[in-house]
Amino acid sequence: MEILQHLADGFALSLLPLNLAVLLLGVTVGLFIGAMPGLGSVNGVAILLPITFLVPPASAIIFLAAIYYGAMYGGAISSILLGIPGASTAVATTFDGRPMAQKGQAGLALIAAAVGSFVGGTVSVVLFTLFAAPLADVALAFGPAEEFALVLLAFTTFLALGGDDIFKTVLMILLGLVLSTVGLDLISGQPRLIFGDLPGFYSGISFLVLAIGVYGIGEILWTIEQTQHKPQVMPARIRFSELAAGFRALGTSLKAMASGSLLGYFVGMLPAAGATPASLMAYGVAKSTSRKPEQFGKGAVEGVVAPETANNAASTGSLLPMLTLGIPGSPTTALLLGGMVMWGLMPGPMLFIEQPEFVWGLISSLYTANLFAVAINLALIPLFVWSLRIPLPVLSALVLVLCIVGGFTPNQKMHDVWLIAGFGIAGYLLRKLDYPLAPLVLALVLGPLMEKSLRQALIAAQGDVTTFVERPISATFIAIALLLFLLPLIRKLRRHLLPGRAAASSRSSA
């Protein structure tokens, strides 16, 4: 009953005219952003974050969360019509969405994606409502040692679940941690890494500057290079007959939607996992449990429903550790975390006690955002198709202007604009060299928290490092982090040993 009361108070806040307006705007903008190849929720939130200073913090986070939600829906549009994922979260949607479009079933695929996204979003928001407060109560027992161990666990999760090259992932995490130390020492106040006493570095490197650079300019440079010879958009016509056929076809995909919702939500809760691995895992589970697995990859409705259900569920799941623990579950929630800090709100267990209206207003807005997103998505599919015909030079110029304005507005320093340009070029080169960018951004966001908690714990323990293993919660996190760190090495060792054993057994049998 207490949860229902909190939720009712949240709806009283989220349904205010201003919050309802920014919610509708955010969902609509997010759908367009998700549909644009090369953009996505991370880029959209990074570029539009500066304009949230025009509204109160509650309205700002509702707007950004609505963009996040809308982009999860929109990513399927270009995946189905073009075969180009609007974002990495929609990669698995192309496996069957594109073949359906090529068979003349683009309308059915778009409907399946929208409804699957709605189901995943609804299930995950209900789970979010049930688990948010209990997890926040558990987090109240956290001290500096537990905070440090939790951040360490977040970084090692990248190694175990990220799927990227281990060495490159570690290198990007370390680079992000180094960039997070630029500025003034938090205890002595001495300047460090200020690159020849440049005044702009005294205030450190803002995560917003880095995010706009690598995800805004860097991604648009990458997109220009990758989409020069892509096919044109296919026309999509949605008829009432297709709508009815779509809902009938979805009746056979209930199992895929259920597994995608649960799997996506709990994978989304893991730091560094996010919606991309959740959607790929859900696709694999749907194929392995389907009665007709041979149809996957050739235009199976389940192959569209499963990843879209999972990536929307994961987007909500990633908000849970961000709000309750202050640990973002994805690059987009890392941007939301940074935005909340800039607005004077500190994510963590105390947020539920000090700012309950804000927290439950955000949670209640997710219900409304989910409903708006599916309605707008179904209604505006022809318009989204038209927007994909915008010439790439026009789109690139528009994104570039937004990046420059968005980076200059918060502090009004040309220093930040030059940094954005530098990070944009660096982000483009890192993408070409196949370096993951998400660990870099998350390390910059979590670096100050990691350093503060490490130094506080050591000062309180008078330099005794065993304090991290003497406390049960921190010792558990460190043990899991160590296991996750060794997991890729164990997998690699097994891959080297198994062929050797197979070869030895074949020689002995001969």
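Since this is a predicted model, take the numbers as computed values, not measurements. (Residues numbered from 1 in each chain as written. Predicted model: local features only at pLDDT ≥ 70, side-chain atom pairs only at ≥ 80, totals over all residues. Heavy atoms only, no water.)

### Digging into the overall build of the chain
- Of the regular secondary structure elements, the chain holds 23 helices and two strands.
- Looking at the 510 residues of the chain, the share that counts as buried comes to 54%.
- For the chain, long-range pairs separated by at least 24 residues make up 79% of all intrachain contacts whose partners lie at least 6 apart in sequence. (Helix = DSSP H or I, 4+ residues; strand = E, 2+ residues; numbered from the N terminus. Buried < 20%, exposed > 50% of the residue type's maximum accessible area, 1.4 Å probe, protein only. Contact = heavy atoms within 4.5 Å.)

### What about the side chain of threonine 316?
- For threonine 316, the position within the fold is in helix α13 (residues 301-317).
- Taking the relative accessible area as the measure of exposure, threonine 316 reaches 0% and is therefore buried.
- Not counting chain neighbours up to four residues away, the residues in contact with threonine 316 comprise Tyr69, Ser124, Val125, Phe128 and Leu366.

### Comments concerning the packing of helix α2 (residues 17-35) against helix α17 (residues 356-379)
- It is the contact of α2 with α17, at a shortest axis distance of 9 Å, that shows an interaxial angle of 50°. When the axis of α2 is compared with that of α17, the two are oblique. Crossing of α2 against α17: the hand is right-handed. Mapping the contact onto sequence places Leu20, Leu23, Leu24, Val27, Thr28 and Leu31 in α2 and Ser365, Thr368, Ala369, Phe372, Ala373, Ile376 and Asn377 in α17.
- Split by residue class, the contact of α2 with α17 holds nine nonpolar, four polar and no charged. (Axes fitted to C-alpha atoms, helices over the stretch in contact; angles between N-to-C directions. Parallel < 35°, antiparallel > 145°, perpendicular 65-115°, else oblique. Left-handed = near helix turned anticlockwise from the far one by under 90°. Nonpolar A, V, L, I, M, F, W, Y, C, P; charged D, E, K, R; others polar.)

### Notes on helix α11 (residues 254-269)
- An ideal rise of 1.5 Å per residue puts 22 Å on 16 residues; α11 measures up with 23 Å between its terminal C-alpha atoms.
- Of all the positions in α11, only Ala256, Met257, Gly260, Ser261, Gly264, Tyr265, Val267 and Gly268 are classed as buried. (Expected span 1.5 Å × (residues − 1).)

### Examining the packing of aromatic side chains
- For the coordinates displayed, the defined rule picks out three aromatic pairs.
- Taken together, a centroid distance of 5.0 Å and an interplanar angle of 50° make the contact between phenylalanine 148 and phenylalanine 468 tilted. Note that phenylalanine 148 is positioned in helix α7 (residues 144-161) and phenylalanine 468 in helix α22 (residues 467-470), a separation of 320 residues in sequence.
- Both rings, one in phenylalanine 195 and one in phenylalanine 201, keep their centres 4.9 Å apart while their planes meet at 50°; by these two values the pair is tilted.
- Residue class for phenylalanine 201 comes out buried when judged on its relative accessible area of 8%.
- It is lysine 168 that lies over the ring of tyrosine 435; its NZ or CZ is 5.0 Å from the centre. (Phe/Tyr/Trp six-rings, centres within 6.5 Å; stacked < 30°, edge-to-face > 60°. Lys NZ or Arg CZ within 6 Å of the ring centre and 35° of its normal.)

### Regarding the side chain of serine 364
- Here serine 364 lies in helix α17.
- Of the polar contacts made by the side chain of serine 364, one reaches the backbone oxygen of glycine 361; its length is 2.9 Å.
- Apart from residues lying up to four places away in sequence, serine 364 is in contact with Leu7, Gly10, Phe11 and Ser14. (Polar contact = N/O pair within 3.5 Å; in protein donor to acceptor, adjacent residues only side chain to side chain.)

### Structural notes on the packing of helix α4 (residues 57-81) against helix α15 (residues 331-342)
- Relative orientation of the contacting elements α4 and α15 amounts to 175°, with a least axis distance of 11 Å. In terms of their interaxial angle, α4 and α15 are classed as roughly antiparallel. In this structure, α4 contributes Ile61, Leu64, Ala65 and Tyr68 to the contact, and α15 contributes Thr332, Thr333, Leu336 and Met340.
- Counted by class, the contact of α4 with α15 contains six nonpolar, two polar and no charged residues.

### Concerning α4
- Along its 25 residues, α4 runs 37 Å from first to last C-alpha, staying within 8% of the 36 Å computed at 1.5 Å per residue.
- Roughly 30° is the biggest bend found in α4, and it falls at methionine 72.
- Counting buried residues in α4 gives 24 out of 25 residues, a clear majority hidden from the surface. (Bend = angle between axes of the 7 residues up to and from the residue.)

### Looking at the confidence of the model for the chain
- Scored by pLDDT, the chain has a mean of 76; 81% of the residues are at 70 or more.
- Per-element confidence in the chain is highest for helix α20 (residues 414-432), whose mean pLDDT is 88, and lowest for helix α18 (residues 381-387), whose mean pLDDT is 61.
- Note that residues 232-236 has pLDDT below 50 and, in this model, 14 contacts with residues that lie over four places away or in other chains. (pLDDT = per-residue confidence, 0-100.)

### Considerations on the pattern of salt bridges
- Following the criterion strictly, the structure yields five salt bridges and no others.
- The partner of aspartate 185 in a salt bridge is arginine 192, and the shortest N-O contact between them spans 3.1 Å.
- According to the relative accessible area criterion, aspartate 185 is buried, its value standing at 12%.
- Between arginine 455 and glutamate 451 there is a salt bridge, and its shortest N-O distance comes to 3.0 Å. Residue arginine 455 and its partner glutamate 451 are located together in helix α21 (residues 438-460), separated by four residues, close to a single helical turn.
- Looking at arginine 455, the relative accessible area reads 23%, which means it is partly exposed.
- Classification of glutamate 451 by relative accessible area gives buried; the value is 15%. (Salt bridge = Lys/Arg side-chain N within 4 Å of Asp/Glu carboxyl O.)

### What about the environment of arginine 471?
- By secondary structure assignment, the location of arginine 471 is in the loop between α22 and α23 (472-509).
- The exposure class assigned to arginine 471 is partly exposed, which follows from its relative accessible area of 36%.
- For the pair arginine 471 and glycine 143, spaced 328 residues apart in sequence, the C-alpha to C-alpha distance is 9.7 Å.
- A distance of 2.7 Å separates a polar atom in the side chain of arginine 471 from a polar atom in the side chain of glutamate 146.

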